[in-house]
Amino acid sequence: MNVLFYGNGGCGNHGCEAIIRGTIQILKNASYTVLSENVSEDIRYGLDNISKVIPAKEERRRDIAFFKAYAKLKLTGNYTDMDGLYYIPVIQQLSGRANVALSVGGDNYCYGNTAMYAYLNRAFGKQHIKTVLWGCSIEPDVVAEPSVSEDLSNYALVAARECVTYEAVKSVGINAVQMPDPAFYMQSEKCATNECFSNVEVIGINISPMIIKNEKDVGATYANYKALIRYILDNTDASIALIPHVVWKSNDDRIPLKQLYDFNQNPRLFLVSDHTAPELKYIISKCSFFVGARTHATIAAYSTGVPTLTVGYSVKARGIARDLFGNENGYVLPVQQLKESNELTQAFIPLYEKRDAVRTHLNEMLPGYIARADEARKALEDIANA
């Protein structure tokens, strides 16, 4: 089976990296090509060691299609065709050389530019390359939009990573399976860690510009994280690891984490530097408890049995928690609800107090949960071999 990966922003978002690494663990015996938005970035984090990595785009000659797209942009303001043209030469070159193309952006359909992914879906179809929306989350109201549901019907399969998306997709008659996020399957990789991990309990904390962007009350996210850090330092003996999971220049977790670090200046508080996704998973697995904003940081915790409080903003956080615990109450705190500065701390305390029971629950249910990828793998193999 020859598998293409597309729609993935690059390994500077270690969730993107984890999805590809985890998918390769799921599928095993196949050949892989990443259509990369940033080849040097993907190579820097070692993706070329497990997959061929090629540019997703090439310069497009100024032919009739170019001028039509340019005219559409100028006349209507619709930039989809103009942006999409740069992907076409690569897709055309891959015709007859791939069984299936996996759209692995995860939550790309949550961010508004659904027309671009529909464009790419059609472009692969024109080259007789079957497409699969792999390990995705989509808000139910977005699924219900006629243009989106029509686009989803053009995929050979939609593999939803949680129950909310799966139920929404099935409700509009799409061929779908439910599976855990592929990052659950990525293996961790041992690396050097702060000496605190050997000596004391460590609570991991992740914050992101994304949740700050989604807050309703300006400043509420920072205020809540600061209050939580102060509570942990004052009421426990634990050290705190501030752990980034996305380091893109435009969306860098290290910026708000550094501000939290500078605010407290405590020897029990330390910053974790950038690592590969498998190394970050190893570091997170060493924590006794985790508070995370990035979905794939929380998946690194869940999948290694670490009790986790998710500060979420979308369907993916809610759905994954429902699949793991039966409901999201007490496990997910929507950032949009933050108003008073103590709300994150108040959510943390009861979950932290029952952390041993949560760890036991995760360790008992994860084997069965992980086994759900078998259905998705078989469905994918059937599509590729048809």
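Everything below is about the structure shown above.
Parameters and conventions
Every residue gets a number counted from 1 within its own chain, in the order that chain's sequence is written. Under the rules for a predicted model, residues below a pLDDT of 70 receive no local features and side-chain atom pairs below 80 are neither given nor counted, while totals for whole chains, interfaces and linings still include all residues. With hydrogens and water stripped out, all remaining heavy atoms of the structure feed into the side-chain values. Pairing between two strands requires that DSSP report at least two bridges joining them. For the purposes of this entry, the term helix denotes a DSSP run of H or I that reaches at least four residues, the term strand denotes a run of E that reaches at least two, and both are numbered from the N terminus. Fitted lines through C-alpha atoms serve as axes, helices being fitted only where they are in contact, and the angles separating the N-to-C directions of these axes extend from 0 to 180 degrees. In what follows, residue pairs with any heavy atoms lying within 4.5 Å of each other are defined as contacts. Expected helix span is given by 1.5 Å per residue-to-residue step, counting one fewer step than there are residues. Working definition for bend: take the seven residues up to and ending at a residue and the seven starting at it, fit an axis to each, and measure the angle between the axes. Relative accessibility under 20% of the residue-type maximum defines a buried residue, over 50% an exposed one, and the middle range a partly exposed one, all with a 1.4 Å probe and only protein chains included. Here, nonpolar core refers to any group of buried Ala, Val, Leu, Ile, Met, Phe, Trp, Tyr and Cys residues whose side-chain atoms link them within 4.5 Å. By salt bridge we mean one thing: a side-chain nitrogen of Lys or Arg within 4 Å of a carboxyl oxygen of Asp or Glu. Think of a polar contact as two N or O atoms within 3.5 Å of one another; within protein, one of them needs to be a possible hydrogen donor and the other a possible acceptor, and neighboring residues in sequence only count if both atoms come from side chains. Orientation categories follow fixed angle ranges, with anything under 35 degrees roughly parallel, anything over 145 roughly antiparallel, 65 to 115 roughly perpendicular, and all other angles oblique. Side-chain classes follow a simple rule in which Ala, Val, Leu, Ile, Met, Phe, Trp, Tyr, Cys and Pro form the nonpolar group, Asp, Glu, Lys and Arg form the charged group, and the remainder, Gly included, forms the polar group.

1. Some words on the sheet that holds strand β1 (residues 2–6)
Phase 1: Reading across from one edge, β3-β2-β1-β4-β5-β6-β7 is the order of the seven strands in this open sheet, with parallel pairing throughout. In this open sheet, the two strands that pair with only one neighbour each are β3 (52–55) and β7 (176–178). On average, each strand axis in the sheet is tilted by 25° relative to the strand beside it, whichever way the strands run.
Phase 2: Bridge analysis of strand β5 (residues 130–136) against strand β6 (residues 157–160) gives four bridges, and the strand direction is parallel. The residue of β6 that forms the bridge with Trp134 is Ala159.
Phase 3: Contacts from helix α9 (residues 163–171) reach β5, β6 and β7, with the element oriented near 160° to β7.
Phase 4: Contacts from helix α19 (residues 373–385) reach β4 (100–103), β5, β6 and β7, with the element oriented near 170° to β5.

2. Remarks on helix α18 (residues 355–370)
Phase 1: In this model α18 runs 21 Å from its N-terminal to its C-terminal C-alpha over 16 residues, within 8% of the 22 Å that 1.5 Å per residue would give.
Phase 2: Residue Glu364 marks the point of greatest curvature in α18, where the axis turns by about 30°; the proline Pro367 follows within four residues.
Phase 3: Every buried residue belonging to α18 is among Val358, Leu362, Met365, Leu366 and Tyr369, and all of these are buried.
Phase 4: Packing partners of the buried residues in α18 comprise α15 (295–302), α16 (315–325) and α17 (343–353).

3. A short note on the nonpolar core
Across soluble globular proteins, nonpolar side chains have a tendency to be buried as a group.
Phase 1: Residues Leu102, Trp134, Tyr225, Val291 and Phe348 are the most contacted members of the largest nonpolar core, which totals 81 residues.
Phase 2: Once residues lying within four places of it in the same chain are set aside, the contact partners of Trp134 are Thr23, Ile26, Leu102, Ser103, Val104, Ala159, Met179, Pro182, Ala376 and Leu380.
Phase 3: Membership of the second largest hydrophobic core comes to 34 residues, among which are Ala98, Val143, Val169 and Ala176.

4. Here's the deal with unusual backbone geometry
Phase 1: Positive phi is not limited to glycine here, since Lys28 has a value of about 60°.
Phase 2: If you trace the backbone, Lys28 turns up in the loop between α1 (14–27) and β2 (31–36).
Phase 3: Residue classification places Lys28 among the exposed positions, given a relative accessible area of 54%.
Phase 4: Even without being a glycine, Gln265 presents a positive backbone phi close to 50°.
Phase 5: Inspection of the secondary structure assignment puts Gln265 in the loop between α13 (254–264) and β12 (269–271).
Phase 6: Residue Gln265 is classed as exposed on the basis of its relative accessible area, which comes to 53%.

5. Here we look at the pattern of salt bridges
Proximity of charged atoms lets side chains of opposite charge pair with each other.
Phase 1: Summed over all chains, the structure comprises 14 salt bridges.
Phase 2: Asp217 is paired through a salt bridge with Lys339; the nearest N and O atoms lie 3.7 Å apart. Placement of the pair is Asp217 in the loop between α11 (209–214) and α12 (220–235) and Lys339 in the loop between β15 (332–334) and α17, with a sequence separation of 122 residues.
Phase 3: Across the pair Asp253 and Arg294 runs a salt bridge, and its minimum N-O distance is 2.8 Å. Linking Asp253 in the loop between β11 (251–252) and α13 with Arg294 in the loop between β13 (289–292) and α15, this pair joins segments that are 41 residues apart in sequence.

6. Remarks on the pairing of strand β8 (residues 202–205)
Phase 1: Every second residue of β8 is oriented toward a common face, with Val202 and Gly204 on one face and Ile203 and Ile205 on the other, all of them buried.
Phase 2: When β8 meets strand β9 (residues 239–242), the two strands line up parallel, connected through four bridges. Of the residues in β9, the one forming a bridge with Val202 is Ser239.
Phase 3: Direction of pairing for β8 relative to β13: parallel, over a ladder of three bridges.

7. What to know about α1
Phase 1: Here α1 is 14 residues long and its end C-alpha atoms lie 20 Å apart, about the 20 Å a rise of 1.5 Å per residue gives.
Phase 2: Burial within α1 is extensive, with 13 of its 14 residues counted as buried.
Phase 3: A side-chain oxygen of the first residue of α1 lies 2.9 Å from the backbone nitrogen of Gly15; this N-cap is Asn13.
Phase 4: After α1 finishes, the residue Lys28 shows a positive phi value of roughly 60°.

8. Observations regarding the packing of α1 against helix α14 (residues 277–285)
Between two packed helices, both the angle of their axes relative to each other and the distance between the axes serve to describe the pair.
Phase 1: The geometry of α1 relative to α14 is characterised by a closest axis approach of 9 Å and an angle of 100° between their N-to-C directions. Taken together, α1 and α14 sit at an angle that is classed as roughly perpendicular. Side by side, α1 and α14 meet where His14, Glu17, Ala18 and Arg21 of the first sit next to Ala277, Pro278 and Leu280 of the second.
Phase 2: The residue inventory of the contact of α1 with α14, partitioned by class, reads four nonpolar, one polar and two charged.

9. Some points on the sheet that holds β9
Phase 1: Pairing within the open sheet is parallel, and its six strands lie in the order β12-β9-β8-β13-β14-β15. Each edge of the open sheet is held by one strand with a lone partner, namely β12 and β15. Within the sheet, the average angular offset between the axes of one strand and its neighbour, ignoring direction, is 15°.
Phase 2: Relative to strand β14 (residues 308–312), β13 runs parallel, the two being bridged by three bridges. For Val291, the partnering residue across the bridge sits in β14 and is Leu309.
Phase 3: Each of β8, β9 and β12 is contacted by α13, which is oriented at about 150° to β12, the strand it contacts most.

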